Amino acid sequence: MLELPVLRFGTPYESLEKTQVKNFETGEVLAEVHQANAGVLRMDMRKAKNARAALRKIAPHDLVKMCGEAGEYYLNGTLEVGTGTQSQDDFCELQSASTGLPVEMCRANMHKAAFVLKEMDNILDALTRGLPLDVLAKGYGVEDRGVTVSYQANSPVLGCVLPSNSPGVHTLWLPVIPMQIGLVLKPGSTEPWTPYRMQAAFKKAGIPAEAIGLYPGPHEVGGAITELCQRAMIFGSQKTVEQYAGNPNVQVHGAGFSKILFGEDKIDDWEQYLDLMETSVYANSGRGCINASSIYAPRHGAEIADALARRLAKHEPKAMADPDAGLSAFTTEGVAEAVSEMIDDELKTPGAEEVTAKYRNGERLVKKGSHDFLKPTVIHCDSPDHPLANAEYMFPFVSVVDCPQKDMIKKIGFTLVCTALTDDPDFRAELMDATHIDRLNIGPVPTIALNWLQPHEGNIVEFLYRARAFQTEAPTPVAKQLETA
């Protein structure tokens, strides 16, 4: 039996309380995970500064190099994880068996994380806007223009309350280690595999074990992380986003409500963008916050919905080990059925039609006994005011919404990723000024296409470090000029 202990800043801790991670199809116990509690975390957070201190003994460029090595170990190595060893195939099979993600999707997410680790120097150069990491390490330095700059760490550690449904999001916290900030991680209940394997890879690459703590446990542990860590990152629903709104210490990653917008100048060429639309909706089984959940069109909405429905309706549930599997399973009893019923209830409101219903084989909900599937669903809405016009679900679901271009920006609401298909300079300017759009793609870029040299949902460097005024005894040449002016 594989056991995953609590790692109290690198020190394994066996708890009397354990939970089991099971294979959702067979019920087989895959691992027993020792449980921390809020009291253990409170005790350990008194020593959180030691995590940062251990990393500060290593030069940033050496930490970057170690991250690259960790990326190779994470992807291809056989690592000591808990009480056992784990290869790449073992990892993918375990993750698939507990989360319902197809095996090849698990492997693809591994490649994403490894890529970020191996390209850490370029990614940090972009996120810091060219600021040498030595400036963060020392606390101050002189830029090429002769001005002294200073940055102060907001916290010795970043606390993360991690999800179980989308392993790709783990790439968001990977740049923390080379910035000499420790990690306090609460793994997802059904997806402990990524943080534990990543910790093992970091350790094998030479990252101090005391720099990373793994605290699996009940909800109270997540609450303690957001309370005790001066900087925390959590993942959750819109309700979670609202709960922490206005708290500068907590960076919340919730629903994305990502969208594709057609401008008046491009809508008559909509057929050229069908591949882009299908990829944006279907990739990663539609689970990601960056999957398109709405497509806004000033006209041709019904035609777009019909063409997209024809394409998406062909995707059927397959076995998790099938290399062509693209739909994830719902592993919690009743969730898929509740989502399907919710969509059907909303369809009773006039102004919306499910277009996939006439093309798919059978019903939207597929029950398999131990798990369920939801087949891709395309809705056509004749107004952005319909309840389904701005809905988001954890499977390939999209609403094609009729909306004049002049009303789009005020009607779309919060949008994590917006792909705008337009060459209209005035419309582009409006999009640039829209503060409720986070990541903006101008041109034919799928919503799911991330450029790792761009910040995603906030810049992690700016979240962890604050710029501050700083002077040394000897003013810089520019400062002397200003003093005498």
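Shown above is the structure to which this text applies.
Quantities reported herein were computed from a predicted structural model and do not represent experimental measurements. (Residues numbered from 1 in each chain as written. Predicted model: local features only at pLDDT ≥ 70, side-chain atom pairs only at ≥ 80, totals over all residues. Heavy atoms only, no water.)

Focus: the side chain of His380
For clarity, the threshold we go by: Comment: elements are numbered from the N terminus, with helices defined as DSSP H or I runs of at least four residues and strands as E runs of at least two. Counting of polar contacts relies on pairs of N or O atoms within 3.5 Å, with two restrictions inside protein: one atom must be capable of donating a hydrogen and the other of accepting it, and residues adjacent in sequence are counted only when both atoms are side-chain atoms. Whether two residues touch is decided by their heavy atoms; if any such pair falls within 4.5 Å, the residues are in contact.
By secondary structure assignment, the location of His380 is in strand β20 (residues 377-381). A distance of 3.0 Å separates the side chain of His380 from the side chain of Asp402, its partner in a polar contact. Those residues in contact with His380 that lie beyond four places of it in its chain are Gly301, Ala302, Ala305, Gly351, Ala352, Glu353, Val355, Val400 and Asp402.

Examining the pairing of strand β10 (residues 157-161)
Using the following cut-off: Categorising residues by exposure relies on relative accessible area from a 1.4 Å probe, with only protein chains included: less than 20% of the type maximum marks a residue as buried, more than 50% marks it as exposed, and the intermediate range marks it as partly exposed. Paired strands are those between which DSSP finds at least two bridges.
With five of five residues buried, β10 lies mostly within the body of the structure. With burial as the criterion, each face of β10 is covered, one bearing Val157, Gly159 and Val161 and the other bearing Leu158 and Cys160. Strand direction decides the pairing type here: β10 and strand β11 (residues 182-186), joined by five bridges, are parallel. Residue pairing in the sheet places Leu158 in a bridge with Leu183 of β11. With three bridges connecting them, β10 and strand β13 (residues 232-235) associate as parallel partners. Counterpart to Cys160 in the pairing with β13 is Met233.

Quick look at the pattern of salt bridges
What counts is decided by this rule: A pairing counts as a salt bridge when a side-chain nitrogen of Lys or Arg comes within 4 Å of a carboxyl oxygen of Asp or Glu.
Taken as a whole and judged by the stated rule, the model has 25 salt bridges. Across the salt bridge formed by Lys118 and Glu72, the nearest N and O atoms sit 2.9 Å from each other. One end of the pair, Lys118, is in helix α5 (residues 103-118); the other, Glu72, is in helix α3 (residues 60-76), and 46 residues separate them in sequence. According to the relative accessible area criterion, Lys118 is partly exposed, its value standing at 36%. On the basis of relative accessible area, Glu72 is assigned to the partly exposed category, the value being 34%. A salt bridge links Asp407 to Lys406; the shortest N-O distance between them is 3.4 Å. Overall, the relative accessible area of 15% leaves Asp407 in the buried class. A cluster of three or more residues bridged by salt bridges with shared partners is formed by Asp344, Glu354, Arg360 and Arg364.

Side note on unusual backbone geometry
One non-glycine residue, Phe9, lies in the positive phi region at around 50 degrees. Checked against the element boundaries, Phe9 lands in the loop between β2 (6-8) and β3 (11-13). Given the relative accessible area of 10%, Phe9 is considered buried. Its identity is not glycine, yet Gln180 carries a phi of approximately 65 degrees, on the positive side. As for its position among the elements, Gln180 is in the loop between β10 and β11.

Remarks on the pairing of strand β15 (residues 258-262)
Applied cut-off: By convention a crossover is right-handed if, when the strands point away from the viewer, the path from the first strand over the helix to the second runs clockwise.
Counting buried positions along β15 gives five out of five residues, so the element sits mostly inside the fold. Side chains Ser258, Ile260 and Phe262 project from β15 onto one buried face, and the interleaved Lys259 and Leu261 project onto a second face that is buried too. Two strands pair when backbone bridges link them, and β15 and strand β16 (residues 292-297) are joined in this way by four bridges, in the parallel orientation. Of the residues in β16, the one forming a bridge with Ser258 is Ala292. In the classification by handedness, the crossover that spans β15, the intervening helix α11 (residues 274-282) and the parallel β16 is right-handed. Pairing between β15 and strand β22 (residues 415-421): four bridges, direction parallel. From the neighbouring strand, Lys259 faces β22, where its bridge partner is Cys418.

Quick word on helix α4 (residues 88-99)
What counts, and what does not: An expected span of 1.5 Å times one less than the residue number is assigned to each helix.
If you check α4, its first and last C-alpha atoms are 16 Å apart, about what 12 residues at 1.5 Å a residue would give, namely 16 Å. With nine of 12 residues buried, α4 is to be regarded as a mostly interior element. Gln88, Phe91, Cys92, Leu94, Gln95, Ser96, Ala97, Ser98 and Thr99 are the residues of α4 that are buried. Considering only its buried residues, α4 is in contact with β4 (18-22), β5 (29-34), α3, β7 (84-86), α5 and α8 (193-204). Positive backbone phi, at 90 degrees, marks Gly100, one or two positions downstream of α4.

Observations concerning the packing of α3 against α8
To be explicit about the condition: Fitted lines through C-alpha atoms serve as axes, helices being fitted only where they are in contact, and the angles separating the N-to-C directions of these axes extend from 0 to 180 degrees. For classification, angles of less than 35 degrees are called roughly parallel, those exceeding 145 degrees roughly antiparallel, those between 65 and 115 degrees roughly perpendicular, and all remaining angles oblique. Note on convention: the crossing is left-handed when the near helix lies turned anticlockwise from the far helix by less than a right angle, right-handed when the turn is clockwise.
At a minimum axis distance of 8 Å, the contact between α3 and α8 shows a crossing angle of 130 degrees. Taken as axis vectors, α3 and α8 run oblique relative to one another. Judged by the twist between their axes, the crossing of α3 over α8 is right-handed. Between α3, through Cys67, Ala70, Tyr73, Tyr74, Leu75 and Asn76, and α8, the contact on the second element is made entirely by Thr194, Arg197, Met198, Ala201, Phe202 and Lys204.

What about the environment of Leu374?
Within the fold, Leu374 resides in strand β19 (residues 372-374). Those residues in contact with Leu374 that lie beyond four places of it in its chain are Leu327, Phe330, Ala336, Val339, Ser340, Arg364, Leu365 and Phe395.

Considering the sheet that holds strand β9 (residues 148-153)
Strands pair in a sheet through their backbones, by hydrogen bonds, and they do so in one of two ways: parallel or antiparallel. Judged by pairing direction, the sheet is antiparallel, and its three strands sit side by side in the order β8-β9-β24 without closing on themselves. Single-partner strands in this sheet number two, and they are β8 (140-142) and β24 (465-468). Recorded for the sheet is a direction-independent mean angle of 30 degrees between the axes of neighbouring strands. Across three bridges, β8 lies against β9 in antiparallel orientation. Its bridge partner lying in β9, Tyr140 is registered against Ser150.

Topic: the nonpolar core
The following threshold applies: By nonpolar core we mean a set of buried residues, namely Ala, Val, Leu, Ile, Met, Phe, Trp, Tyr and Cys, connected to one another through side-chain atoms within 4.5 Å.
Counting 71 residues, the largest nonpolar core has Leu158, Trp173, Phe202 and Ile460 as the members making the most contacts within it. The element best represented in this core is α5, accounting for eight residues. Setting aside residues up to four positions removed in sequence, Phe202 forms contacts with Cys67, Ala70, Leu117, Trp173, Leu174, Ile177, Ile207 and Ile212.

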